[in-house]
Amino acid sequence: MENKLYSKVLLVLVTIFLSTSYTNQLHLQSSHTHTLLRLKRLLNFPSILSSWNSNTDFCNTDSKASLTVVCYEETITQLHIVGETSTKLPKNFSIDSFFATLSRIPSLKVLTLVSLGLRGPLPGKIASLSSLEIVNMSSNFLHGTIPQELPLLSSLQALVLDNNMFDGHLPDWLDSFPLLTVLNLKRNLFNGSLPDSLSSLTNMRVLSLSGNRFNGSVPDLSRLVNLQVLELDDNGFGPNFPRICNKLVTCVLRNNKFRSSLPDNMSSYYQLERFDISDNAFVGPMQLELFSLPSITYLNISRNKLSGMLFENLSCNSVLEEVDLSSNLLSGKLPKCLVSNSDNRSFLYGGNCLEETNRNQNQHEQSFCHTEAIAVGIVPNERKKHKGVSKKVLSFAIVGGIFGGFALVALIFSIIRRKKGKSMMMMKNSQTKLISENAASGYTSKLITDAGYVSKTMNFGSVGLPPYRAFSLEEIMAATNNFDTTSFMGGEGSQGQMNRGQLKEGSLVAIRSVRLTKSYKTKDFMQHIEMISKFRHHHLVSVLGHCFEYYLDDANVRRIFIVFEYVPNGSLKSWISDRHYRKSLTWTQRIAAATGVAKGIQFLHTEIVPGVYSNNLKIADVLLDQNFVAKISSYNMPLLSKSPSFNKSVKSEDKSDIYDFGVILMELILGRTIKSRNVETLKDLLQASIISDDEARRSIIDSSIRDACLDQSLKTMMEICVRCLVKEMEDRPSIEDVLWNLQFASQVQDAWRGDSLSSDSSPLSPLPARRMNFH
């Protein structure tokens, strides 16, 4: 589990090199053949190399997981040898001679020498292999310090030296490797503090330093925005929780000397799957948001001094498999979401002060947690000063704290009741402002903030999505069955072809392939890939990853594959005007779909930097997932669009998306496909009906929802639509104004008993026998 993501990252790096390599049909240079055979002798003829002899065509042998030779033209670019853990070398083995021999293959880019019994200090001669990009020499007997010559490997992307006996401090010249993506030094004897140069390795994805003797504070790692795996367990780090980016997938700090509180922003760690801070001395309140993080599967905070109260109705992620809260200072009741699924989840909580019904995991008395929490809350230099405090004073402090807590709760409850009563009175007595009545975005924004009408897109944007990653070409081919015609979903031209696929773990995806006509190298796309990786939101068809296909004769990119989540319920258009399976969405579902599209637009405009505008939105490009959540499938993505809007942020482009949204809203209201030449006429029709009466409004809308929508809700939707379609861009509403009024339309509709009763019976309305036709 801990190495899963690390292995994926390393595999991706190796796959890139495999895909860019060209296996020449000619034999190797004779010098390289002799070098490989000499390496076999120096390694004492291991069984894994038994097939090598002077007649071996090394460039055309079958690759195995334990033995691979990759050639480009007449030179070796990759050498992978994985031996057995029992491999023993002769007593006269010389690590210097071995690397002196290896240096005769200067073309090597990838070098894997695992479990071969290599022993001795890593020679500085490794620097003569100046083309090296990936080095994996784990599970050997290498010792000593990292050689000073290593910075000469300026192209190094992955360095894996775990399970050896290296010692000493990490050098401060790690910033000599600007491309370093993986640094894995687990289970060695390194000591001392980490160098600040780690902070500058912004391409780092995996930093694994487990099982060493490091100590001191962890450098500021918040600039490592690509970091996904951080493993610092079994060291002496501390005392403060490290400063890290919130894109982590794995964070393991187990068995160190941390004794600070947890950061306040844990709720923003959307991609966090594994979080282990056990066996430390963390203090302060437990961050309850950890239970409900959208990707969390493993949570271990055991054997700390974390305090706070748990509640029965606490929410938690349904995929949370292992939870260990034992030996802390937690009180309150066991969350039902953790207890109810105990058959499929490992849940440990003993050694706290929790209330439980069956008492199968021992708990302390409540006073224990209160007393200990007060004690650990005193900073070290003050603890000595208060060491002589009497038990009586301490008792008064505890009792006073408890009564003070009750008083605070009572005060909060009183305020909530007062605000709730005032809110209900406002709903009854004051008319909610519509777009036509308030153009002051400042006032609208305040209402949005105060009432929480608009969800925080970034907080919940990537719920349920796996981490963004690079896919191998083999994965893409396997997922689409070599692009079998049955997988074709449509699309050609500059937007590329779209195919349905199924990944190895079973999840369905949509894969767009874009064929390139010019010569582009990987580095030409990295800025675009960084941008594409941000397109992940609850109301976008989110991007899961990418893959490059290369020309065989050079490193130029031939095709790019972009992997999207698969959305199963078809387009919004098919459920509105095409009448999917002769069913139609309810009015409540149409408001929800419109709100989803608006939230997707808001994300593109405000949460992507620079903002993404001019998205040419169409109702056919809005898809519905299994829960009928609307997702925008076509937006102004790099590589797929020639629009310049990524390089500049023009306010008018914001309003072009608002116009397109107005057309979509019109189609939701009228229940028919709208051609561009008819938009103005139909807008005038809606405008006239707004100032008319209820009967006039209902006479022009989709007949399938005519009797199921509250007039106030319908009128509000019509007003939004008309304002979005005005000719002057500056007069169109902001996306925040749109969202505010959509929320109002939804609220008044939900409060109407007639709709709630009709919609509860079925998520869809049956198609009526007759429909009104517009000419």
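Preceding this paragraph is the structure being described.
Because the structure is a prediction, the values reported are computed rather than measured.

With that settled, the discussion passes to the overall build of the protein chain. Each helix and strand counted, the protein chain has 19 helices and 33 strands in total. Counting only carbon and sulfur atoms, one obtains 53% of the accessible surface of the protein chain, whose full area is about 36,500 Å².

This next bit is on the environment of A127. Within the secondary structure layout, A127 lies in the loop between strand 4 (119-121) and strand 5 (134-136). Residue classification places A127 among the buried residues on the basis of a relative accessible area of 9%. Between the C-alpha atom of A127 and that of P147, which follows or precedes it by 20 residues, the distance is 9.0 Å. Each residue touching A127, except ones within four places of it in the same chain, is listed here: E149, L152 and L153.

Under the counting rule described, the total for this entry stands at two cavities of 30 Å³ or more. Each pocket or cavity is described by its volume, and for the largest cavity that value is around 50 Å³. Taken together, I146, L150, L159, L170, P171, W173, L174, F177, L183 and L185 make up the lining of the largest cavity.

With 97 residues, the main nonpolar core has W52, L79, F98, L102, L118, F275 and F291 as its most contacted residues. Within the residue set of this core, elements represented by two or more residues are helix 2 (30-42), strand 1 (67-72), strand 2 (75-82), helix 3 (95-102), strand 3 (110-114), strand 19 (305-310) and helix 4 (336-339). Excluding its chain neighbours within four sequence positions, the residues that come into contact with F275 are F241, C251, M266, L290, I296, Y298, L299 and N300. The next biggest cluster of nonpolar side chains, apart from the first, holds 75 residues, and it includes M498, M531, I664 and V738.

With six of its eight residues buried, strand 2 lies for the most part within the structure. Sheet topology note: the strand 1/strand 2 ladder contains six bridges and is antiparallel. When the bridges of strand 2 are listed, C71 appears paired with I76. Here strand 1 hands over to strand 2 after two residues, with E73 in that stretch at a positive phi of 55°. With five bridges joining them, strand 2 and strand 3 adopt parallel strand pairing.

Before going further, it helps to spend a moment on the sheet that holds strand 10 (residues 189-192). With parallel pairing, six strands are arranged side by side in an open sheet as 4-6-8-10-12-14. Looking along the sheet, the strands with just one partner apiece sit at the ends: strand 4 and strand 14 (236-237). Looking at chain direction, strand 8 (residues 165-168) and strand 10 are connected through two bridges and run parallel. For D167, the partnering residue across the bridge sits in strand 10 and is L189.

Okay, the pattern of salt bridges next. Going through the model one piece at a time under the given rule, you end up with 16 salt bridges. Here K109 ties to E133 by a salt bridge, and the two come within 3.5 Å at their closest N and O atoms. Here E133 lies in the loop between strand 4 and strand 5 and K109 lies in the loop between helix 3 and strand 3, a separation of 24 residues in the sequence. With a relative accessible area of 13%, E133 lands in the buried category. Here K186 makes a salt bridge to E231, at a shortest N to O gap of 3.8 Å.

A rise of 1.5 Å per residue sets the reference length of helix 18 (residues 735-751), with its 17 residues, at 24 Å; its end C-alpha atoms lie 24 Å apart and thus fit the reference within 8%. Counting buried residues along helix 18, 12 of its 17 residues qualify, which places the element largely inside the surrounding structure. Of all the positions in helix 18, only I735, D737, V738, L739, W740, N741, L742, F744, A745, S746, V748 and Q749 are classed as buried.

A few words now on helix 15 (residues 679-690). Within an α-helix, residues lying three or four positions from one another point in the same direction, as the helix has 3.6 residues per turn. Here helix 15 is 12 residues long and its end C-alpha atoms lie 16 Å apart, about the 16 Å a rise of 1.5 Å per residue gives. The set of residues buried in helix 15 consists of V679, L682, K683, L686, S689 and I690. Buried residues of helix 15 fall within an arc of 125° about the axis and therefore sit on the same side.

Relative to the elements of secondary structure, R697 occurs in helix 16 (residues 694-700). Look at R697 and you get buried, because its relative accessible area is 4%. With sequence-adjacent residues up to four places away left out, R697 is seen in contact with S689, I690, S692, D711, L714, K715 and M718.

Time to look at the pairing of strand 10. Here strand 10 shows a buried face lined by F190 and G192 and an unburied face lined by L189 and N191. The pairing of strand 10 with strand 12 (residues 213-216) spans two bridges and is classified as parallel. Bridge assignment links G192 to a residue of strand 12, and that residue is F214.

Between G238 and P239 the backbone carries a cis peptide bond, its omega angle lying at 0°. Along the chain, the position of P239 falls in the loop between strand 14 and strand 15 (250-252). Backbone geometry at S327 places phi at a positive 55°, although glycine is not the residue there. Here S327 shows up in the loop between strand 20 (322-324) and strand 21 (329-333).

For the rest of this paragraph, the subject is the sheet that holds strand 17 (residues 283-285). On the basis of which strands lie adjacent, the open sheet formed by four strands has the order 17-19-21-23 and parallel pairing. Only two strands of the sheet have a single neighbouring strand rather than two, namely strand 17 and strand 23 (353-355). Adjacent strand axes in the sheet meet at a mean angle of 10°, parallel and antiparallel pairs treated alike. As paired strands, strand 17 and strand 19 are joined by three bridges and run parallel to one another. Within the sheet, the bridge partner assigned to V283 lies in strand 19 and is K305. Sitting on the sheet, helix 5 (residues 366-376) touches strand 17, strand 19, strand 21 and strand 23, and the angle it makes with strand 21 is about 140°.

With that settled, the discussion passes to the packing of aromatic side chains. Scanning the entire structure with this criterion turns up 13 aromatic pairs. Seen from their ring centres, F190 and F214 are 6.0 Å apart, and the 5° between their planes marks the pair as stacked. Of this pair, F190 sits in strand 10 while F214 is found in strand 12, placing the two residues 24 residues apart along the sequence. In this structure, F190 and F214 share a single accessibility class: buried. When the ring centre of Y298 is taken as reference, the NZ or CZ atom of R274 above it lies at 4.0 Å.

Calculation notes
- Residues numbered from 1 in each chain as written.
- Predicted model: local features only at pLDDT ≥ 70, side-chain atom pairs only at ≥ 80, totals over all residues.
- Heavy atoms only, no water.
- Helix = DSSP H or I, 4+ residues; strand = E, 2+ residues; numbered from the N terminus.
- Areas by Shrake-Rupley, 256 points an atom, 1.4 Å probe, with all protein chains shown as cover.
- Buried < 20%, exposed > 50% of the residue type's maximum accessible area, 1.4 Å probe, protein only.
- Contact = heavy atoms within 4.5 Å.
- 1 Å grid on protein atoms, 1.4 Å probe; cavity = no way out; pocket = protein on both sides within 12 Å on 5 of 7 lines; lining within 4 Å.
- Points joined across faces, edges and corners; volume = space filled by probe spheres on them.
- Core = buried A, V, L, I, M, F, W, Y, C linked by side-chain atoms within 4.5 Å.
- Pairing = 2+ DSSP bridges.
- Salt bridge = Lys/Arg side-chain N within 4 Å of Asp/Glu carboxyl O.
- Expected span 1.5 Å × (residues − 1).
- Arc of directions from axis to C-beta.
- Axes fitted to C-alpha atoms, helices over the stretch in contact; angles between N-to-C directions.
- Phe/Tyr/Trp six-rings, centres within 6.5 Å; stacked < 30°, edge-to-face > 60°.
- Lys NZ or Arg CZ within 6 Å of the ring centre and 35° of its normal.

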